[in-house]
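# Observations on the model geometry
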Amino acid sequence: MDQTCAPIYEALMKYNETRVVPFDVPGHKHGKGNPLLTEFLGQTCMNVDVNSMKPLDNLCHPVSVIRDAERLAAEAFGAGHCFFMVNGTTSSVQSMILSVCREGDKIIIPRNVHRSAINALIISGVIPVYVDPGVDRRLGIPLGMSADNVEKAIARNPDAKAVFVNNPTYYGICTDIKRIVQTAHAHGMKVLADEAHGTHLYFGENMPLSAMAAGADMAAVSMHKTGGSLTQSSFLLVGKNAGLTEGHVRSVINLTQTTSGSYLLLSSLDIARKYYAAEGKELCARMVSSAEYARREINAIGGYYAYSDELVNGSDIFAFDKTKLSIYTRGIGLTGIEVYDILRDSYDIQMELGDIGNVLAIMSPGDRWKDIERLVSALTEIKRRFGRDSAEAVDHEYINPQIVMSPKAAFYGEQEVLPIKESAGRVSCEFVMCYPPGIPIIAPGELLTPDIIDNIIYSKERGCFMTGTEDMNIEKIRVIKA
Amino acid sequence: MELWFTEYHSPDVKMSIRTDKQLYCGKSEFQRIDVFESPEFGRFLTLDGLMMLTEKDEFIYHEMITHVAMAANPDVKSVLVIGAGDGGTIRELTRYESIEHIDMVEIDEEVVRVCREYLPQTASKLSDPRVTIYFEDGLRFVRTKADLYDLIIVDSTDPFGPGEGLFTSEFYGNCYNALTADGILINQHESPYYKEDAAAMQRAHKRIREFFPICRVYQAHIPTYPSGHWLFGFASKTVDPLALDEERWNGLGLKTRYYNTELHKGCFAIPNYVKELLENAK
């Protein structure tokens, strides 16, 4: 068995050839029970939407083809073990935290962590120790924790169980993960990496370091984001020397993962791994050269700034993932959100995100040169037709959160609802997220100080995209009852 | 032995041409290129299996994509042609001594090479000293140009293939910007008849309308194209194609087989169902 094999895919093909008569779920029975859906998705798709059975193994307790596929994936990623995940990278992130921390344990974590990680804290009762990721003042994007800041946090919290790292961030910013791993391990802490946007780091040349290569203990890899598998499929990697047993991690995953793992998702992971193992180096080189070409063309338009590794500063921008095409738009006088909307509404081009200062295009092996030409031409047109005098960058202030109780205690505590303006001195039970820069202003268990309340009001006034509270208008907030 | 070239005009309609032999078959970076010899249509060129031109009826397409604009504004000096690797459009344009410069942008150098070798009937004037050929993407070429061309002709393939980017808002906007104050944009505008072609025609019309104050459609009858009923778009900043100086064009003494100034006036008269499709283009 080697990387040219795809055990789950091969088992499904064999299953199809034997023309099994299904008296098991799913009830569409190879699509015959739902002709409309079969016409829409195609017969092949319906044929392999099947249930766990002996020849196809079982995701909750893999002993044959899924186990083989997981071993091949582990080998391809340089991991000790790889778990196939079907509840999204959210589930991978949560399983990492739940695998190494218990209730009341501390975890050192960047403030611009994905929502899924903070939700894992709510589920588990783990206490966060936040590290300021730093913000690029001009671009308004959150950066990566500097190793210095992480080391300070480790020194101040020697009892923490783990350090959590984004590798890279949405915008392609990487931290010095190798140095963080060395320091954390020297203090007996595990290192968990959110590599939702980092699949390609494992296959390309001259890429920022992947978590497994850096010696991290666990990594959550969104194979579906740039690795070509289906949405919601993901890998959870365990490092070769992580000291975690497969059985322990599996039992944590099985706490929340479905018992009806989709074979569409599983086979897509298997086939995507096979494809990347064979062609990954070339695919990544193409992604980088496409992104670099697009950057040159976009920067030549004038006004836009498509940034790359010239940002690298050895600290909070330790490395830059050049496959990410982030474009700063304030120079043509438009917010990223405006450019994002115009691209979709007037040019039929869908970007990954738009924030106050930037739009972000995800590059993948699926990009065609003519699509890149369209994007560049559309940006040229947007500047010509909609451009204004350039606008000032929005400044962002990082306020250190004061953690009063665990996110779990706050989430489940006795609560009341107050207008945000009158909530000073109270403990929040909710998030207030602010984009940009995509950092929570407040999270459950934290003290609402006058500074934080001012920050929420100011961010709203200047037009940031705010989410998190039950109140859709972000005017009221749930706090711990006095 | 019977040897037939067949092309689907819709999922349920196909057209076949008996061929004597295949003169060329090759695959470029962008598409498959074939040249055949046939008893009825003479030599013909196909790209990815789709009919581009035949020796017998190409004159209709090439006369109609050039002379309508040239008659509407005989003062055109600088022309940009996008696509047109077969050279037919260039051949017609070079007949105007008043044109000083023609830039031709064709993405596929192989198409030009093959046409020069097998289709001299259309490719004969590609070496005219006024013509500069650029082998690059049309969308890329035009986006850096401003106030440069009196006439832009988009002689593209269908919007499903290498020509895809030439049916987009960004392209039409870039063209608007590349045109001079009295500039004209002519594009091959697909057919109104079969569903898929008609939808492409509507999309193109809707997008061109966003940029150009004058935006008309005219028609021609081209036997080897799907349904035989083909449209062209005439968009301009100021020039009205129907305010025609007939004497001036006729005074040039150009001999044409399809186009004449009577037909010029008539070709803008389009069937009601096509009018409706255009009006409802959203």
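Residues numbered from 1 in each chain as written. Chains lettered and ligands numbered in written order. Predicted model: local features only at pLDDT ≥ 70, side-chain atom pairs only at ≥ 80, totals over all residues.

## Comments concerning the overall build of chain B
Along its length, chain B carries 10 helices and 13 strands. Since a compact globule built from 282 residues should have a radius of gyration of about 19 Å, the 18 Å found for chain B is in line with a globular shape. Projecting the C-alpha coordinates of chain B onto the three principal axes gives extents of approximately 55 × 45 × 35 Å. The buried share of chain B, reckoned over its 282 residues, is 49%. Within chain B, contacts between residues separated by at least 24 positions form 67% of all contacts whose residues are at least 6 apart in sequence. (Helix = DSSP H or I, 4+ residues; strand = E, 2+ residues; numbered from the N terminus. Rg over C-alpha atoms; globule rule 2.2 N^0.38 Å. Buried ≥ 20, exposed ≤ 12 C-beta atoms within 10 Å, placed from the backbone. Contact = placed C-beta atoms within 7 Å.)

## A look at the overall build of chain A
Counting its secondary structure elements, chain A contains 15 helices and 20 strands. Against the 2.2 N^0.38 benchmark of 23 Å for 482 residues, chain A shows a C-alpha radius of gyration of 23 Å, consistent with a compact globule. Within chain A, the proportion of its 482 residues that are buried is 54%. Long-range contacts, defined here as pairs at least 24 residues apart, represent 69% of the contacts in chain A between residues at least 6 apart.

## A few points about the domain arrangement of chain A
Residue and element names in this part refer to chain A. When cut into domains, chain A gives domain 1 (60–276), domain 2 (278–386) and domain 3 (407–480). Of all the secondary structure elements, the ones that give two or more residues to the side of domain 1 that touches domain 2 are strand 7 (173–174) and helix 11 (263–301). Sort the elements by how many residues they give to the side of domain 1 that touches domain 2 and helix 11 lands first, with 3 residues. Class assignment of the residues belonging to the side of domain 1 that touches domain 2 gives a composition of 15 nonpolar, 10 polar and 3 charged. (Domains from an automatic or database assignment. Nonpolar A, V, L, I, M, F, W, Y, C, P; charged D, E, K, R; others polar.)

## Digging into unusual backbone geometry
Backbone torsion omega between V25(A) and P26(A) reads 0°, so that peptide bond is classified as cis. For P26(A), the location among the structural elements is in the loop between helix 1 (7–17) and helix 2 (35–41). Cis geometry is found at the peptide bond from N167(A) to P168(A), where omega equals -10°. Topologically, P168(A) is positioned in the loop between strand 6 (162–166) and strand 7. Of note, the phi angle at A84(B) is positive, near 65°, even though the residue is not glycine. With respect to the helices and strands, A84(B) occurs in the loop between strand 7 (78–83) and helix 2 (88–93). Accessibility expressed as a C-beta count within 10 Å gives 27 for A84(B), which makes it buried. For E190(B), which is not glycine, the phi dihedral falls at a positive 65°. For E190(B), the location among the structural elements is in the loop between strand 11 (179–188) and helix 7 (195–209).

## Quick notes on the interface of chain B and chain A
Taken together, the contacts link 13 residues of chain B with 12 residues of chain A. For the side of chain B that touches chain A, the secondary structure elements donating two or more residues are helix 5 (138–142) and helix 6 (169–178) of chain B. Here the residues of the side of chain B that touches chain A sort into 2 nonpolar, 6 polar and 5 charged.

## Considerations on helix 3 (residues 109–118) of chain B
All names here are of chain B. Listing the buried residues of helix 3 in full gives V111, V114 and C115. Taken around the axis of helix 3, the buried residues stretch over an arc of 100°, which confines them to a single face. In this structure, the buried residues of helix 3 make contact with strand 3 (21–27), strand 4 (32–38), strand 5 (42–47) and helix 4 (120–123). (Arc of directions from axis to C-beta.)

## Some details on the sheet that holds strand 11 (residues 305–306) of chain A
All names here are of chain A. Ordered in space as 11-13-15-14, the 4 strands form an open sheet in which the pairing is antiparallel. The open sheet is flanked by strand 11 and strand 14 (353–354), the only strands paired with a single partner. Bridge analysis of strand 14 against strand 15 (residues 358–362) gives 2 bridges, and the strand direction is antiparallel. Across the sheet, the residue bridging to G354 is V359, located in strand 15. (Pairing = 2+ DSSP bridges.)

## Side note on the packing of helix 5 (residues 88–100) of chain A against helix 10 (residues 246–256) of chain A
Residues and elements named next belong to chain A. Running from N to C, helix 5 and helix 10 point in directions that differ by 130°, and their axes come no closer than 9 Å. Compared by their axis directions, helix 5 and helix 10 come out oblique. Our pair here, helix 5 against helix 10, has a crossing hand that is right-handed. In this structure, helix 5 contributes S91, Q94, S95, L98 and S99 to the contact, and helix 10 contributes H248, V249, V252, I253 and T256. For the contact of helix 5 with helix 10, the per-class residue count stands at 4 nonpolar, 6 polar and no charged. (Axes fitted to C-alpha atoms, helices over the stretch in contact; angles between N-to-C directions. Parallel < 35°, antiparallel > 145°, perpendicular 65-115°, else oblique. Left-handed = near helix turned anticlockwise from the far one by under 90°.)

## Quick notes on the environment of D49(A)
Residue and element names in this part refer to chain A. Inspection of the secondary structure assignment puts D49 in the loop between helix 3 (43–47) and helix 4 (65–77). Since 16 C-beta atoms lie within 10 Å of it, D49 is described here as partly exposed. Separated by 391 residues in the primary sequence, D49 and P440 place their C-alpha atoms 39 Å from one another. Not counting the four nearest positions on each side in its chain, D49 is found in contact with P26, Y263 and L264.

## Considerations on the pairing of strand 5 of chain B
Residues and elements named next belong to chain B. Burial of strand 5 is extensive: 5 of the 6 residues sit out of reach of the surface. Looking at chain direction, strand 4 and strand 5 are connected through 6 bridges and run antiparallel. Its bridge partner being in strand 5, E37 is matched across the sheet by R43. Counting the residues between successive antiparallel strands, the hairpin from strand 4 to strand 5 contains 3 residues.

## Considerations on the nonpolar core
Core analysis: the biggest nonpolar cluster contains 152 residues, and F235(A) and L237(A) have the highest contact counts within it. Broken down by element, the residue count for this core peaks at 15 residues, all from helix 11 of chain A. Here F235(A) is in contact with A73(A), F77(A), C82(A), F83(A), F84(A), M85(A), V221(A), M223(A) and L269(A), once residues within four sequence places are set aside. Grouped together as the second largest cluster of nonpolar side chains are 74 residues, V76(B), L93(B), V114(B) and Y225(B) included. (Core = buried A, V, L, I, M, F, W, Y, C linked by C-beta atoms within 7 Å.)

## Some thoughts on the sheet that holds strand 2 (residues 106–110) of chain A
Residue and element names in this part refer to chain A. As summarised here, the arrangement of the 7 strands in space is 1-10-9-8-6-2-3, forming an open sheet in which the pairing is mixed. The open sheet has two free edges, formed respectively by strand 1 (81–85) and strand 3 (127–131), since each of these has just one partner strand. Neighbour-to-neighbour, the strand axes of the sheet open up by a mean angle of 20°, direction not taken into account. For strand 1 and strand 10 (residues 234–238), the ladder comprises 5 bridges, and the chain directions are antiparallel. Across the sheet, residue F83 finds its bridge partner in strand 10, namely L236.

## Description of the confidence of the model for chain B
Chain-level pLDDT for chain B is 95 on average; 100% of the residues reach the 70-or-more range. Listed scores for the predicted complex are pTM 0.91 and ipTM 0.88. (pLDDT = per-residue confidence, 0-100.)

## Notes on the domain arrangement of chain B
Residue and element names in this part refer to chain B. You can read the domains of chain B as domain 1 (3–54) and domain 2 (58–279). When each unit is reduced to the centre of its C-alpha atoms, the spacing between domain 1 and domain 2 is 23 Å. In this complex, domain 1 contributes 20 residues to the contact, which on the side of domain 2 involves 24 residues. Of all elements in the fold, only strand 1 (4–10), strand 3, strand 4, strand 5 and strand 6 (50–54) reach the threshold of two or more residues within the side of domain 1 that touches domain 2. It is strand 6 that provides the largest number of residues to the side of domain 1 that touches domain 2, a total of 5 residues.

## Considerations on helix 7 (residues 147–156) of chain A
Residue and element names in this part refer to chain A. Within helix 7, burial applies to A147, V150 and I154. For helix 7, the angular spread of the buried residues around the axis is 60°, confining them to a single face. In helix 7, the exposed positions angled more than 90 degrees off the buried face are occupied by D148, A155 and R156. Where helix 7 is buried, its residues meet strand 2, strand 3, strand 6 and helix 8 (177–186).

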